[in-house]
Amino acid sequence: MTRLQDTAFSMLDLVPIRDTGTEAEALANSLQLARHVEALGFQRFWLAEHHNMDGVASSATAVLVGYIAAGTSRIRVGSGGVMLPNHAPLVVAEQFGTLATLYPGRIDLGLGRAPGADRTTLMALRRSADDGEDFPEHVSTLQALLGPAQPGQKLFAVPGTDTRVPIWLLGSSLFSAQLAAQRGLPYAFASHFAPRMLHQALRIYRDNFQPSATLDKPYVMVGVPLQAAPTNEEAEYIATTAYQRALALIRGHSLKLVPPVPSMASRWLPHEQDAVGNLYGLAVIGGPERVKQRLDMIVEQTQADEIIFTCDMYDQAHRLRACEIVAALRD
């Protein structure tokens, strides 16, 4: 068997909203996508936390995890991730402890260190801009609250205590790689939008990994943007929706999905094209043969244990089809 056949596939959904769509449609599409990839044998379906973005309906991450878990039966469901600076650890422990009690053995808690929001949003969340400095301490608090009760313990998550919800550390730089290695936790790199430091972060994680009660060896998940279609030409056309969204992010415009276009040439300046190219540096775009070649290369270079795909497409049917194409590559 090839390494690609040994690599788990998962899905990360930002619950995108279309320019002509609604939040309710986006949420329904997310559940349909989760059911679809569950049937295809994907291992996880994660939801990202974002706030104050008009094209992203994944702000209430824990609520969405429950919604997806209730509508599926086997696939693991979790956060990719909860941005811990935005939340009190006790509240996170109670939320995910409750989810783990309702859906035992199916809930993951991925944690991010960045707030992922501007100062106005941070103030609305009643958090301060430097809360990320307490990330290691807050991770320890969560591990304690979700672990077994200890003698003399005074603070409990109910539900939560002894649920042992698996904690993952997520990152797009080197800090979380070092912390995940020290704690012996699984590590997910956000290369679906920030691939620049991927290989350096994975080296740090693997070189410094300390076995723990959670893991006896490193476990790596790599984020990959997926734009698969029956032909290279159609995939490249469909991918212009994702390019336009990235360009809108750079320009501070609406992040709602817009239809694909025949060419991006007249839509961006050279430096903007470079910036979008950097964001999508690890993207897999093409027909089945090109997609397989690209994924084989990514797995060989990263030795990833798991790939978690993002798949922002204007047409929901195209998202479902892309997942079918990539799942078939391991047959």
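Above this text you will find the structure in question.
Right, let's walk through the structure included here. (Residues numbered from 1 in each chain as written. Predicted model: local features only at pLDDT ≥ 70, side-chain atom pairs only at ≥ 80, totals over all residues. Heavy atoms only, no water.)

**Details of the overall build of the chain**
The test is simple: Helix and strand labels come from DSSP, where a helix needs a run of H or I of at least four residues and a strand needs a run of E of at least two; each type is numbered from the N terminus. Think of it in three bands: with a 1.4 Å probe and only protein chains considered, a residue is buried below 20% of the maximum accessible area for its type, exposed above 50%, and partly exposed in between. Contacts between residues were defined by any pair of non-hydrogen atoms, one from each residue, lying within 4.5 Å. All accessible-area figures derive from a Shrake-Rupley calculation using a 1.4 Å probe, and residue coverage is judged against the displayed protein chains alone. Neither His nor the chain ends contribute to the count of charged residues, in which Lys and Arg are positive and Asp and Glu negative. The atom standing in for a charge is NZ when the residue is Lys, CZ when it is Arg, CG when it is Asp and CD when it is Glu.
Broken down by element type, the chain carries 13 helices and 9 strands. In terms of its C-alpha atoms, the chain occupies a principal-axis envelope of roughly 65 × 50 × 35 Å. With 331 residues in all, the chain has 52% of them scored as buried. Restricting to contacts in the chain with at least 6 residues of sequence separation, those with at least 24 account for 73%. Of the roughly 14,500 Å² of accessible surface on the chain, a fraction of 54% belongs to carbon and sulfur atoms. Distance between charge centres in the chain, computed from 28 positive and 33 negative side chains, equals 2 Å.

**Quick notes on the packing of aromatic side chains**
Under the convention used in this document: Each aromatic pair joins two rings of Phe, Tyr and Trp (for Trp, the six-membered one) with centres within 6.5 Å, and gets the label stacked for planes under 30 degrees apart, edge-to-face for over 60, and tilted for any other angle. Charge-over-ring contacts are defined here by two conditions on Lys NZ or Arg CZ: a distance within 6 Å of the ring centre and an angle within 35 degrees of the ring normal.
Summed over all chains, the structure comprises 10 aromatic pairs. Taken together, a centroid distance of 5.7 Å and an interplanar angle of 80 degrees make the contact between Tyr 205 and Phe 209 edge-to-face. Of the two residues, Tyr 205 and Phe 209, both sit in the buried class. In this structure an aromatic cluster arises from ring pairing among Tyr 187, Phe 189, Tyr 205 and Phe 209. We note Arg 18 situated over the ring of Tyr 314; from NZ or CZ to the ring centre the distance is 4.3 Å.

**Quick look at the pairing of strand S4 (residues 107-112)**
Here is the rule we go by: Paired strands, in this sense, are two strands between which DSSP finds at least two bridges. By the criterion used throughout, a crossover qualifies as right-handed when its path from the first strand across the helix to the second strand runs clockwise, the strands pointing away from the viewer.
Within S4, 6 of the 6 residues are buried, which leaves the element mostly enclosed by the surrounding structure. Of the pairings in the sheet, the one linking strand S3 (residues 76-83) to S4 comprises 5 bridges and is parallel in character. The partner of Val 82 across the bridge, within S4, is Leu 111. Regarding the hand of the β-α-β motif, the stretch spanning S3, helix H4 (residues 89-102) and S4 is right-handed. As paired strands, S4 and strand S5 (residues 167-171) are joined by 3 bridges and run parallel to one another. Among the inter-strand pairings, Leu 111 is bridged to a residue of S5, identified as Leu 169.

**Let's talk about the nonpolar core**
The criterion, for reference: Side-chain atoms within 4.5 Å are what join buried Ala, Val, Leu, Ile, Met, Phe, Trp, Tyr and Cys residues into a set we call a nonpolar core.
Counting residues in each nonpolar core, the largest one holds 85 residues, and the members touching the most others are Phe 42, Leu 109, Leu 111, Leu 295 and Phe 309. In terms of residue count, the dominant contributor to this core is helix H13 (residues 316-328) (6 residues). Once residues lying within four places of it in the same chain are set aside, the contact partners of Phe 309 are Phe 9, Ser 10, Met 11, Leu 12, Phe 42, Val 224, Leu 226, Leu 295 and Val 326. With 10 residues, the next largest nonpolar core counts Leu 12, Leu 170, Ala 188 and Met 221 among its residues.

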